[in-house]
Amino acid sequence: MIKISIIIPVYNAEKHLRKCIQSVLAQTEKNIEVILIDDGSMDKSFDICQFYAEKDQRVRVVHQENAGVSVARNKGITEAVGEYIGFVDSDDWIDCEMYETMLNEAKRTDADVVMCDARTVYEDGKIQADTITQLSGNQILKKSDFTPSLLLEMAGSVCRCIYKNSRYTDKRQRHKVLLFPLGVKFSEDRIFNLYAFGQANKIVYIKKAFYNRYMNKKSAVHSFHEDYFEACKKSAKETE
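So, here is what we can say about the structure in this document. Note that the structure is a prediction, hence the values are computed from the model and not measured.

Digging into the overall build of the chain
Part 1: Of regular secondary structure, the chain possesses 7 helices and 12 strands.
Part 2: For the chain, buried positions account for 51% of its 240 residues.
Part 3: Put simply, 81% of the contacts in the chain that link residues at least 6 apart link residues at least 24 apart.
Part 4: With an accessible surface of roughly 12,300 Å², the chain has 51% of that area assigned to carbon and sulfur atoms.

Below, the structure is given as structure tokens:
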């Protein structure tokens, strides 16, 4: 059985995509599948995806018309067959021992979600730690351990987490019961994690940074949106 399915949504990411994919394929945990969801890229991203699919049998490429990151991730979730599911963004990269470490903790504790820390890497080379400030070290958390402020702090990027596939799959209906919200421009990760944590019996936090987030000024969170206020209201409604 494949231990982890790693979903990478791809849209016009040719500049950083090779580094991203190579970091995933270099994982010390080899029993993985990599699902590249090409979201209607107009540059050479699809060709890069195809190259790695031909080079490594663990890589699968799915092409779709441009529909946004949530649709792309949801497509990957429905395709995933691994025991756990993870997400990597196409301009980021991960340390080689990330998934082996997280899977070992998942197996040791029977956790539904495992989370690690991250680093934010800026264009000028500056590196900023991205950690859970309310937790001083590794923790095994149950629902009763969460305060509202801790829940909001932890419900950030999905790329820092792995999720037990069977926990979020309806075995009788054979469909995924946890997907990303559609029609929401911001906070998709936070909304997804709030539901994921709510359905989890146990969550493990590892206070070590394995994920490297590249801060691209052209990314969606740094772009001007005329409907920013309305988008924020919709995101807030989803998390009520």
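Back to the write-up after that little detour.
Digging into the pattern of salt bridges
Part 1: All chains considered together, the criterion is met by 15 salt bridges.
Part 2: For the salt bridge of Glu79 with Arg60, the shortest nitrogen-to-oxygen distance reads 2.9 Å. Residue Glu79 is found in helix H3 (residues 69–79), and its partner Arg60 is found in strand S3 (residues 59–64); the two are separated by 19 residues along the sequence.
Part 3: Given the relative accessible area of 24%, Glu79 is considered partly exposed.
Part 4: Its salt-bridge partner being Asp95, residue Arg119 comes within 3.2 Å of it at the nearest N-O pair. Of this pair, Arg119 sits in strand S6 (residues 113–122) while Asp95 sits in the loop between strand S5 (93–94) and helix H4 (98–109), placing them 24 residues apart in sequence.

Topic: the pairing of S6
Part 1: Within S6, 8 of the 10 residues are buried, leaving the element largely enclosed by the surrounding structure.
Part 2: Alignment of S6 against strand S7 (residues 127–130), held across 4 bridges, turns out to be antiparallel. Looking at S7, one finds that Val121 is bridged to Ile127.
Part 3: The antiparallel hairpin formed by S6 and S7 contains 4 residues in its connecting segment, where Gly125 sits at a positive phi of about 95°.

Digging into the packing of helix H1 (residues 17–25) against helix H2 (residues 45–55)
Part 1: Running from amino to carboxyl end, H1 crosses H2 at an angle of 25°, the nearest separation of the two axes being 10 Å. As far as their axial angle goes, H2 and H1 are roughly parallel. Like other packed secondary-structure pairs, H1 and H2 cross with a definite hand, here right-handed. On the side of H1, the interface is formed by Leu17, Arg18, Ile21, Gln22 and Leu25, while H2 contributes Ser45, Ile48, Cys49 and Tyr52.
Part 2: Split into classes, the residues belonging to the contact of H1 with H2 amount to 6 nonpolar, 2 polar and 1 charged.

As for unusual backbone geometry
Part 1: One non-glycine residue, Asn12, adopts positive backbone phi at about 45°.
Part 2: Look at Asp110: it is not a glycine, yet its phi comes out positive at around 55°.

Things to note about the packing of aromatic side chains
Part 1: With the rule as written, the count across this model stands at 8 aromatic pairs.
Part 2: Taking the centre distance of 6.1 Å and the plane angle of 65° together, the rings of Phe87 and Tyr163 count as edge-to-face. Of this pair, Phe87 sits in strand S4 (residues 84–87) while Tyr163 sits in strand S9 (residues 161–164), placing them 76 residues apart in sequence. Per residue, the accessibility class of Phe87 equals that of Tyr163, and both read buried.
Part 3: Ring centres of Phe87 and Phe192 lie 6.0 Å apart, and the angle between their planes is 85°; on these two criteria the pair is classed as edge-to-face. Taken together, the residues Phe87 in strand S4 and Phe192 in helix H6 (residues 188–199) connect sequence positions 105 residues apart.
Part 4: Among the residues examined, Phe87 registers a relative accessible area of 1% and is labelled buried.
Part 5: Ring pairing ties together the aromatic residues Phe87, Tyr163, Tyr168, Phe180 and Phe192, which thus form one cluster.
Part 6: If you follow Lys19 out to its NZ or CZ, it ends over the ring of Trp93, 3.7 Å from the centre.
Part 7: Positioned over the ring face of Phe87 is Arg73, at 5.8 Å from the centre of the ring.

Focus: H2
Part 1: Looking at H2, one finds that the buried residues are Ser45, Ile48, Cys49 and Tyr52. Looking down the long axis of H2, one finds its buried residues gathered within 100° of arc, a one-sided arrangement. Seen from the open side of H2, the exposed residues pointing more than 90 degrees away from its buried face are Asp47 and Glu54.
Part 2: Structurally, H2 contributes buried residues whose contacts are with strand S1 (4–10), H1, strand S2 (32–39) and S3.

A word on the nonpolar core
Part 1: With 66 residues, the main nonpolar core has Ile8, Phe87, Val88, Met154, Ile162 and Tyr163 as its most contacted residues.
Part 2: Per-element accounting of this core gives the leading share, 6 residues, to strand S12 (residues 203–215).

Reading the values: the criteria
- All residue numbers refer to positions counted from 1 along the written sequence of the respective chain.
- Only residues with pLDDT of at least 70 are given local features in this predicted model, and only at 80 or more are side-chain atom pairs given and counted; all residues enter the totals for whole chains, interfaces and linings.
- Excluding hydrogens and water, the side-chain figures rest on all heavy atoms present in the structure.
- Counting from the N terminus, the helices are the DSSP runs of H or I reaching at least four residues and the strands are the DSSP runs of E reaching at least two.
- Using a 1.4 Å probe on the protein chains alone, a residue whose accessible area is under 20% of its type maximum counts as buried, one over 50% counts as exposed, and one in between counts as partly exposed.
- Two residues form a contact once any of their heavy atoms are found within 4.5 Å.
- Here the open area of atoms and residues is found with the Shrake-Rupley method and a 1.4 Å probe, where only the protein chains shown may cover a residue.
- Salt bridges are defined by distance alone: a side-chain nitrogen of Lys or Arg within 4 Å of a carboxyl oxygen of Asp or Glu.
- A pair of strands is labelled paired if DSSP reports no fewer than 2 bridges between them.
- Between N-to-C directions, angles cover 0 to 180 degrees, with each direction set by a line fitted to C-alpha atoms, over the stretch in contact for helices.
- Roughly parallel covers angles under 35 degrees, roughly antiparallel covers those over 145, roughly perpendicular covers 65 to 115, and oblique covers all other angles.
- Take the far helix as the reference: if the near one is turned anticlockwise from it by less than a right angle, the crossing is left-handed, and if turned clockwise, right-handed.
- Throughout, the ten residues Ala, Val, Leu, Ile, Met, Phe, Trp, Tyr, Cys and Pro are labelled nonpolar, Asp, Glu, Lys and Arg are labelled charged, and all others, Gly among them, are labelled polar.
- Planes of paired rings set the category: under 30 degrees apart is stacked, over 60 is edge-to-face and the rest tilted, where pairs are Phe, Tyr or Trp rings (Trp by its six-membered ring) whose centres lie within 6.5 Å.
- Sitting over a ring, as applied to charges here, requires NZ of Lys or CZ of Arg to be within 6 Å of the ring centre and within 35 degrees of the ring normal.
- Each C-beta atom gives one direction from the helix axis, and the arc is the one those directions make.
- Residues enter a nonpolar core if they are buried and are Ala, Val, Leu, Ile, Met, Phe, Trp, Tyr or Cys, with the set joined through side-chain atoms within 4.5 Å.

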